[in-house]
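# Notes for the structure review
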Amino acid sequence: MPKDPVERFLAALDPEHREAVGAKPREEQEQLAAAWERELEADDELDTLDELSPVAAEAEAARRVLDRGTG
């Protein structure tokens, strides 16, 4: 499993979004990865999902971050 937050975030994305985010400047990728990590830490629903499927929880958090369009 990658240790770099950006690599972990990119791995949680579906292939289409991974390519689009991968083409963004590194600074923007880092902002999105930070928002993704905050989403994972803050949402209790994701904690429950993480117990069942960590991959699904990471993918859901990534989807939420991209849907919000925040960094």
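Up top is the structure.
As the structure is a prediction and not an experimental result, all values here were calculated from the model. (Residues numbered from 1 in each chain as written. Predicted model: local features only at pLDDT ≥ 70, side-chain atom pairs only at ≥ 80, totals over all residues. Heavy atoms only, no water.)

### Considerations on the overall build of the protein
The condition is simple: Helix and strand definitions follow DSSP, with helices as H or I runs of at least four residues and strands as E runs of at least two, each counted in order from the N terminus. We compute the radius of gyration over the C-alpha atoms and compare it with the globule rule, which gives 2.2 Å times the number of residues raised to the power 0.38. When a residue's accessible area, from a 1.4 Å probe over protein chains only, is under 20% of the maximum for its type it is buried; when over 50% it is exposed; and in between it is partly exposed. Every residue pair with non-hydrogen atoms within 4.5 Å of one another is taken to be in contact. Per-residue and other accessible areas were derived by the Shrake-Rupley procedure at a 1.4 Å probe size, with only the shown protein chains allowed to occlude residues. Charged residues are defined narrowly, with Lys and Arg counted positive, Asp and Glu counted negative, and His plus the chain ends left uncounted. Charged side chains are reduced to one point each, which is NZ for Lys, CZ for Arg, CG for Asp and CD for Glu.
When its secondary structure is counted, the protein shows 5 helices and 0 strands. Sequence-ordered secondary structure for the protein, helices as α and strands as β, is α-α-α-α-α. Computed over C-alpha atoms, the radius of gyration of the protein comes to 11 Å, within 12% of the 11 Å expected from 2.2 N^0.38 for 71 residues, which places it in the range of a compact globule. Its C-alpha atoms put the protein at 35 × 20 × 20 Å along the principal axes. For the protein, the proportion of its 71 residues judged to be buried stands at 31%. Taking as baseline every contact in the protein between residues at least 6 positions apart, the subset at least 24 positions apart corresponds to 50%. In the form shown here, the protein has an accessible surface area of approximately 4600 Å², with 51% of it arising from carbon and sulfur atoms. For the protein, the distance from the average site of its 9 positive side-chain charges to the average site of its 20 negative ones is 3 Å.

### Quick look at the side chain of Arg 64
Note the cut-off: Definition of a polar contact: a pair of N or O atoms within 3.5 Å, with one able to donate and the other able to accept a hydrogen when the atoms are protein atoms, and with sequence-neighbouring residues admitted only if both atoms are side-chain atoms.
Tracing the sequence through the fold places Arg 64 in helix H5 (residues 54-68). Judged by relative accessible area, Arg 64 falls into the buried class, the value being 15%. At a separation of 3.0 Å, a polar atom in the side chain of Arg 64 contacts the side chain of Glu 60. Here Arg 64 is in contact with Glu 39, Asp 43, Glu 45 and Leu 46, once residues within four sequence places are set aside.

These figures capture arrangement, not role.
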